[in-house]
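Each chain, letter by letter, is given below.
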Amino acid sequence: MDTYSVVLAFHVISIATWMIMLVYLPKLFVYHITATHDAQAQIAVQESSLYKVGTIAMILSIKFGLILLYLNPYLLKSGGWLHLKLTLAACMVVYHFTCKKFITQFTKEGVSQNLLFFRVFRVIPEITTALIILLTIIKPF
């Protein structure tokens, strides 16, 4: 068992945890909009708790990813697929912080976006994750 494989395993585990949060949290936003006022408070607690766990997973994903690049700097020269993957990962970080913005809006004044917006918003991490996985396995360029 070499160091690279161990770090890679922890990288995949932390990414899986982070992506679970990014897929489920926007679903809670949909529930939040359609829930009664009493249920909205309970959903807000779930949103906040889930976001905290996801933030830890995101930080670990980034740290393990950087360690992987340190252990194997050749990856940066392996083709454009990695650069696109890293760009998509950066987009996921932006998405993550956008979710925090919505959590804050839900708890303070409410969101101006409608139910349809959040139904579309919630598929973004699913599509992005699929693209990242395809790029990582196929390495098309």
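Per chain, the residues get numbers from 1 upward, laid out in the order the sequence is written. pLDDT decides what is reported in this predicted model: residues at 70 or higher carry local features, side-chain atom pairs at 80 or more are listed and counted, and totals for whole chains, interfaces and linings draw on all residues regardless. Just so you know, side-chain values use all the structure's heavy atoms and leave hydrogens and water out.

Think of it this way: any DSSP run of H or I at least four residues long counts as a helix, any run of E at least two long counts as a strand, and we number them from the N terminus. Scanning the protein chain for helices and strands turns up 5 helices and 0 strands. Ordering the α and β elements of the protein chain from the N terminus gives α-α-α-α-α. A principal-axis box enclosing the C-alpha atoms of the protein chain has dimensions of 55 × 30 × 20 Å. Looking at the protein chain as a whole, 34% of its 141 residues are labelled buried. Relative to all contacts within the protein chain whose residues are 6 or more apart in sequence, the contacts with residues 24 or more apart total 77%. Computed with a 1.4 Å probe, the accessible areas rest on the Shrake-Rupley method; for each residue, only the protein chains presented here act as cover. Here the protein chain displays about 8,500 Å² of accessible surface, and carbon together with sulfur accounts for 71% of that area. Across the protein chain, the centroid of the 11 positively charged side chains sits 8 Å from that of the 5 negatively charged ones. For every residue, the accessible area obtained with a 1.4 Å probe (protein chains only) is divided by the maximum for its type, and the residue is called buried under 20%, exposed over 50%, and partly exposed between those limits. What makes two residues a contact is simply this: any of their non-hydrogen atoms within 4.5 Å. We treat Lys and Arg as the positive residues and Asp and Glu as the negative residues; His and chain ends play no part in the count. A single reference atom marks each charge: NZ on Lys, CZ on Arg, CG on Asp, CD on Glu.

The next subject is the UniProt feature "transmembrane region" (unreviewed entry) in the protein chain. The sites that carry the UniProt feature "transmembrane region" (unreviewed entry) are, in the present numbering, residues 6–29, 50–70, 82–99 and 120–138. With 89% helix and 0% strand, the stretch residues 120–138 has end C-alpha atoms that lie 27 Å from each other. UniProt positions are given in the numbering used here, feature names are shortened, and annotations may be inferred rather than shown by experiment.

Following the sequence through the fold, Lys 85 ends up in helix α3 (residues 80–108). No salt bridge is formed by the buried Lys 85. Its closest oppositely charged neighbour is Asp 2, at 16 Å. Salt-bridge detection follows one rule: a side-chain nitrogen of Lys or Arg within 4 Å of a carboxyl oxygen of Asp or Glu.

Next up on the list: helix α5 (residues 124–138). Side chains three or four residues apart in an α-helix point the same way, a direct result of the helix having 3.6 residues per turn. By this rule, a helix spans an expected 1.5 Å times one less than how many residues it contains. For α5, which comprises 15 residues, the first-to-last C-alpha distance of 21 Å matches the rise-based estimate of 21 Å (1.5 Å per residue) to within 8%. Every buried residue of α5 is listed here: Pro 125, Thr 128, Thr 129, Ile 132 and Leu 135. Buried residues along α5 cover an arc of 125° about the axis, so they all sit on one side. In α5, the exposed positions that point more than 90 degrees away from the buried face belong to Ile 137 and Ile 138. Packing partners of the buried residues in α5 comprise α1 (3–34), α3 and α4 (115–121). Looking one or two residues past α5, Lys 139 carries a phi angle of roughly 50°, positive in sign. What the arc describes is the spread of directions from the helix axis to the C-beta atoms.

With that settled, consider a nonpolar patch on the surface. Nonpolar side chains collect at one region of the surface, where Leu 116, Val 120, Val 123, Ile 127, Leu 131, Ile 133, Leu 134, Ile 137 and Ile 138 lie side by side and expose about 850 Å² of accessible area between them. By residue number, the principal contributor to the nonpolar patch is α5, which donates 6 residues. Looking at where Leu 131 falls in the secondary structure, it is placed in helix α5. We classify Leu 131 as partly exposed; its relative accessible area is 40%. For patch building, the residue pool is restricted to those with more than 30% relative accessible area and no salt bridge; the joining distance is 9 Å between like charges and 5 Å between nonpolar side chains (Val, Leu, Ile, Met, Phe, Trp, Tyr).

Turning next to the side chain of His 96. Within the fold, His 96 resides in helix α3. Exposure remark for His 96: the relative accessible area of 0% places this residue in the buried category. Leave out the neighbours within four places in its chain, and His 96 touches Trp 18, Met 21, Leu 22, Tyr 51, Gly 54, Thr 55 and Met 58.

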